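Structural description and commentary
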Amino acid sequence: MNTLSFARRALGALAFACAAVTAHSAPLNVTLLGTGSPVPSNVRFSQSILVEAGKEKLVFDLGRGVTIRLAQLNIPFKDVTASFITHFHSDHLVGLPDLWLTGWLPTPFASRSTPMVIYGPKGTEAMTKNLTAAFAEDIRTRIADEKLPPAGIAFDAHDIAAGVVYERNGVKVTAFPTHHGDLIEHNFGYKIEYEGKKVVISSDTTYDERIAAQAKGADLLIHEVADIDPELLKAYPRFKEIAAHHTTPEEAGRIFSLARPKVAAFTHIIVLKANAPLDIPPTEVLARTRTTYDGPLVLGEDLTRFEIDAEVKVFDAKRQSIDPVAP
């Protein structure tokens, strides 16, 4: 082999290696679309998380305002590849009719022409059939008046069990059970894996070490939290019921300590204080979590974004960099 041929082959091998490295380092991006609870807040919409991995745009839970947050990100609703439901509480679902129906409209921000793909606990298929019946008149008139494609308002719905529920374009989604109360039989957290990266979403849950097991060494663990004033628990029994279905900051910290993710983050943030308005900032959550966890921690806000590659970068709604809170 002459010197020129050797050089060409060496350059070709180098280019191939660089391409392989580039392909392997495809980022996994996560945006918190809604970080609140049923509390009617214009700052924290209710639960929804966007995961972008390669060609896939996956939405986990469809709470209040999901369409508004996607529009703020300039993501056409038709580009959502699939949606996933953790459980059937309304604050995780009230945005579903909006994304489904508005996503069908013939506009640049919508224009879905294929069925809406959705996965969730047993009952998801029945729910989508009932929604179709509930909005039958709207569907009928829009097909007649606007000639919208019937396929775009159809559902491709799937009742799921624990295990791998979705695998496409290198993205694997695994559902696993978590405990959100004895009467809530079907409640799932989700693990998303892509190109060697891992994100875990807890769903609403009490202290449950199964979450830590799924999130061992994850790049990002997103967990719910509830900071409820002891005075409320004494005065109003209904708040005891709420507290019994959620995780305290100290308990969440113990889960983070078991899992040791690169970054831990809070969503579904509940703060209920005596003699205070409903929509108050979670000023004590981080300090309480620090009593049981000493790793990188982010108090999520709507449109907080995590860009996961060799490291995890965090940005706020204005795309300004955030340093996860150190101990």
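Residues numbered from 1 in each chain as written. Predicted model: local features only at pLDDT ≥ 70, side-chain atom pairs only at ≥ 80, totals over all residues. Heavy atoms only, no water.

Naming follows an unreviewed UniProt entry, where the protein chain appears as MBL fold metallo-hydrolase of Variovorax rhizosphaerae.

1. Quick look at the UniProt feature "domain: Metallo-beta-lactamase" (unreviewed entry) in the protein chain
Rules: UniProt positions are given in the numbering used here, feature names are shortened, and annotations may be inferred rather than shown by experiment. Numbering of helices and strands runs from the N terminus; a helix is a DSSP stretch of H or I covering at least four residues, while a strand is a stretch of E covering at least two.
Mapped onto this numbering, the UniProt entry annotates "domain: Metallo-beta-lactamase" (unreviewed entry) at residues 45-246. Span residues 45-246 is 27% helix and 29% strand, its end C-alpha atoms 18 Å apart.

2. So, the environment of Glu56
As a reminder of what qualifies: Here a residue-residue contact requires only that any non-hydrogen atoms of the pair lie within 4.5 Å. N or O atoms within 3.5 Å of each other form a polar contact, as long as, within protein, one can give a hydrogen and the other can take it, and as long as residues adjacent in sequence are counted only when both atoms are side-chain atoms.
Relative to the elements of secondary structure, Glu56 occurs in strand β3 (residues 56-60). Along the primary structure Glu56 and Val80 are separated by 24 residues, whereas in three dimensions their C-alpha atoms are 7.6 Å apart. Ignoring anything within four residues of it in the chain, the contact list for Glu56 reads Val51, Thr81, Tyr166, Arg168, Asn169 and Val171. In terms of polar contacts, Glu56 uses its side chain to reach the side chain of Tyr166, at 2.4 Å.

3. Section: the pattern of salt bridges
Let me state the cut-off plainly: Any carboxyl oxygen of Asp or Glu that lies within 4 Å of a side-chain nitrogen of Lys or Arg is treated as forming a salt bridge with it. The cut-offs for exposure are 20% and 50% of the maximum accessible area for each residue type, with area from a 1.4 Å probe on protein chains only; residues under the lower value are buried, those over the upper are exposed, and the others partly exposed.
In total, this model carries 19 salt bridges according to the counting rule given. A salt bridge links Arg140 to Glu137; the nearest nitrogen and oxygen atoms lie 2.7 Å apart. Of this pair, Arg140 and Glu137 both sit in helix α5 (residues 136-146), three residues apart, which is roughly one turn of that helix. Exposure remark for Glu137: the relative accessible area of 47% places this residue in the partly exposed category. Residues Arg305 and Glu307 are paired through a salt bridge, measuring 3.0 Å at the closest nitrogen-oxygen approach.

4. Comments concerning the sheet that holds strand β14 (residues 305-308)
Counted only if it meets this: One requirement defines pairing of two strands: DSSP has to find at least two bridges between them. To obtain each axis, a line is fitted to C-alpha atoms, and for helices this fit is confined to the stretch in contact; angles are then taken between N-to-C directions over 0 to 180 degrees.
Taken in spatial order, the nine strands of this open sheet run β6-β5-β4-β3-β2-β1-β14-β15-β16, and their pairing is mixed. With partners counted over all chains shown, the strands left at the sheet margins are β6 (155-159) and β16 (321-322), one partner each. For β14 and strand β15 (residues 312-315), the ladder comprises four bridges, and the chain directions are antiparallel. Each bridged residue has a counterpart across the sheet, and for Ile308 the counterpart in β15 is Val312. Of the strands in this sheet, β5 (116-120) and β6 touch helix α4 (residues 124-134), which is tilted by about 150° from β6.

5. Examining unusual backbone geometry
One can expect most non-glycine residues to show negative phi and most peptide bonds to be in trans. Phi is positive for Asn74, close to 60°, though the residue is something other than glycine. For Asn74, the position within the fold is in the loop between α2 (66-72) and β4 (82-84). A relative accessible area of 68% means that Asn74 is categorised as exposed. Look at Leu303: it is not a glycine, yet its phi comes out positive at around 75°. In this structure, Leu303 sits in the loop between β13 (297-299) and β14. Given the relative accessible area of 11%, Leu303 is considered buried.

6. What about the environment of Val80?
Along the chain, Val80 falls in the loop between α2 and β4. Residue classification places Val80 among the buried positions, given a relative accessible area of 13%. Between the C-alpha atom of Val80 and that of Leu70, which follows or precedes it by 10 residues, the distance is 9.5 Å. When residues no more than four places from it in sequence are discounted, the contact partners of Val80 are Lys57, Val59 and Leu70.

7. Let's talk about the pairing of β15
Hairpin connection of β14 to β15: three residues between the antiparallel strands. With two bridges connecting them, β15 and β16 associate as antiparallel partners. Bridging across to β16, Val314 finds its partner in Ile322. In this structure, the hairpin formed by β15 and β16 is closed by a connection of five residues, where Arg319 is found at a positive phi of approximately 65°.

8. Details of the packing of aromatic side chains
In plain terms, the rule: Any pair of Phe, Tyr and Trp rings, taking the six-membered ring for Trp, is counted once the centres come within 6.5 Å. Such a pair is stacked with planes under 30 degrees apart, edge-to-face with planes over 60 apart, and tilted for the rest.
Enumeration according to the criterion identifies 12 aromatic pairs in this entry. Seen in terms of ring centroids, Phe84 and Tyr119 are 5.2 Å apart; in terms of plane orientation they differ by 15°. Their pairing is stacked. Residue Phe84 is located in strand β4, and its partner Tyr119 is located in strand β5; the two are separated by 35 residues in the primary sequence. Judged by its relative accessible area of 0%, Phe84 is buried. Geometrically, the ring pair formed by Tyr119 and Tyr166 is edge-to-face, given 5.6 Å between the ring centres and 80° between the ring planes. Here the residue Tyr119 occupies a position in strand β5, and Tyr166 occupies one in strand β7 (residues 163-168), the gap between them amounting to 47 residues.

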